[in-house]
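Working through the structure, step by step
Each chain, written out:
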Amino acid sequence: MNFSPIIWKEMMLIRRKPWRFLASSMVMPVLYLVTFGWGLGRGMNVGGGNYLEFVLPGIIALSAMNNSFGPVSTSMNISKLYTKTLEEVLVSPLTAWDITLGRALTGMVRGLFSAVMLLLVGFAAGVNMHLSLNFFIILTLTAFCFGAAGVGAAMLARTHEDMANFNSFFIVPMSFLAGTFFSPNQLPQPFESLILAYPLTHASLLLRALASGSEPSTGSVLVLAVYTLMFFSLAVRLVKRAGG
Amino acid sequence: MIDTTNLTKYFGTLGAVQSVSFSVNRGEVFGLLGPNGAGKTTTIRMLTTLLSPSSGSASVSGYDVAREPLQVKRTIGVIPQMLNLDIDLTCSQNLEYHGRLHRMEGPDRAARTSELLRFVGLWEKRDTAVEHLSGGMRRRLLIARGLMHRPQVVFMDEPTVGLDPQARRLIWGLIESLKRSGITIMLTTHYIEEADALCDRVAIMREGKIIALDGPAALKARVGRYSLECIGRQDIPRKFFPTRDAAYEAGRGETCDVLVREATLEDVFISLTGERIEG
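Residues numbered from 1 in each chain as written. Chains lettered and ligands numbered in written order. Predicted model: local features only at pLDDT ≥ 70, side-chain atom pairs only at ≥ 80, totals over all residues.

Considerations on the interface of chain B and chain A
- If you look at the interface, chain B gives 20 residues, while chain A gives 20 residues.
- For the side of chain B that touches chain A, the secondary structure elements donating two or more residues are α2 (69–75) and α3 (91–101) of chain B.
- Residue contributions to the side of chain B that touches chain A peak at five residues, all from α3(B).
- Here the side of chain B that touches chain A is composed, by residue class, of eight nonpolar, six polar and six charged. (Contact = placed C-beta atoms within 7 Å. Helix = DSSP H or I, 4+ residues; strand = E, 2+ residues; numbered from the N terminus. Nonpolar A, V, L, I, M, F, W, Y, C, P; charged D, E, K, R; others polar.)

Overview of helix α10 (residues 265–273) of chain B
Residues and elements named next belong to chain B.
- Counting buried positions along α10 yields seven of nine residues, so the element is predominantly enclosed.
- For α10, the full list of buried residues reads Leu265, Glu266, Asp267, Val268, Phe269, Ile270 and Ser271.
- Following α10 by one or two positions, Gly274 adopts a phi angle in the positive range, close to 80°. (Buried ≥ 20, exposed ≤ 12 C-beta atoms within 10 Å, placed from the backbone.)

So, the nonpolar core
- Of all hydrophobic cores here, the largest spans 145 residues; its most connected members are A:Ile60, A:Leu207 and B:Phe155.
- Residue assignment places this core across two domains, with domain 1 (2–218) and domain 2 (224–273) of chain B each supplying three or more.
- In this view, A:Leu207 contacts A:Pro57, A:Ile60, A:Ala61, A:Phe135, A:Ile138 and A:Leu139; residues no more than four positions away in its chain are not counted. (Core = buried A, V, L, I, M, F, W, Y, C linked by C-beta atoms within 7 Å. Domains from an automatic or database assignment.)

Side note on the domain arrangement of chain B
All names here are of chain B.
- Split into domains, chain B comes out as domain 1 (2–218) and domain 2 (224–273).
- Facing ten residues of domain 1, the contacting portion of domain 2 comprises seven residues.
- Sorting the residues of the side of domain 1 that touches domain 2 by element identifies α7 (192–198), β9 (201–206) and β10 (209–214) as the ones contributing at least two each.
- Each residue belonging to the side of domain 1 that touches domain 2 can be placed in one class, and the counts come to eight nonpolar, no polar and two charged.

Notes on unusual backbone geometry
Residue and element names in this part refer to chain B.
- Positive phi values are uncommon outside glycine, yet Arg150 reaches one of about 55°.
- One can find Arg150 in the loop between α5 (135–147) and β7 (153–157).
- We classify Arg150 as exposed; it has 12 C-beta atoms within 10 Å.
- The backbone of Glu207 sits at a positive phi, close to 50°, despite the residue not being glycine.
- Topologically, Glu207 is positioned in the loop between β9 and β10.

So this is what it looks like as structure tokens:
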């Protein structure tokens, strides 16, 4: 395995423009937090607890998704279609597995970074969360899952418009519907079942359960793991098809 | 170093490359010359493993491009037509990244980066981000990057496209230096004088097929060493003669202003196809 050059390049790019990295990682989650946590959710209670404590794990999952999927899919799609920098990697001896793993890991790091920053903001705002090793394992799995999905989406998209469509039809609906801002069991059937098909729903449910000190659902862990494997395998196949 | 047999690529029903066969010897500079859309880039993309052939076979450095792509990739350097450098990284970082992709050791990477930046005249710009370089400088850095891991075979796709004459001469000088070092080079171009000046042998391509293949001098000798053409009259066909005197003699009988000059590879293309190569 030789995915380290891809990580090295990402580190160089972040080192060159650290503030851009920091700002782009933080803008959306902080907006969500301010809007739904402190604005709309002020004074609201969910299941006996305050809404901010309910919504923060969901926003952390959402942030991990957005910051792993978005930068990976956008930069890889641009490098495939516009700057053609992906070709340098495709004609190097890196395998499709190396390329996919390297890119998914860069997404994972970005996703984790924004999630941790959000956690710090939450703690500064006085939110109580039970943090455990399992919480960070699920967070890492979530970020890696969507990093791999980002690679797959970038390789699948034939135009920049296709990429925008992925966001419009996959990411944005998931952001609002996948149990981030409300519990899926509040919805009538068949909507609840449909929402349970989203990987982000399970990431939110798992992080919420772990943050409240409850036992996470094994089923949700399995669903998230299966999605991760599926996205990663698809991405490897698509990178291979492109010449990797 | 490169062998193709009936190499073919179809995109849907469009035959981009059709039954192309040729061999390139070690240390040779081999050119694919032809107008845009002739199939030059598609041929190179198949040889560099970026495209799978529809049929036929090709090997580079003894490895089959379809069955042994990783082995092929270890032996080749690719200098694409597009300036696909990372513009946010510096010149040195671009080379270092490439060295890492090819598993070069740290001290070797540093030494090779320094050697190549001096070779292409960019040592002073080593810590400058690529976004601040001119087109000619970027093209030189692209050449350095393609050579970073000491490839046995270098593929150059239109290495001077879009450059001004001065920058083009500079690139030609670099390619001539590489040629003297014994590296095998395959380049595509639609510039006649580039193929003429740099290549040991040239394959002329049109509509996905090779229509002539030989050394530039031998190709030109096929049509006649001198060309006679009516100035400003592209509707009147050029005529070719074995000697300058014969061309002058024929020119006296023309009713237009005439130009007698040495034949070029474009004359070869025109004599074979009736069309000009550029445009």
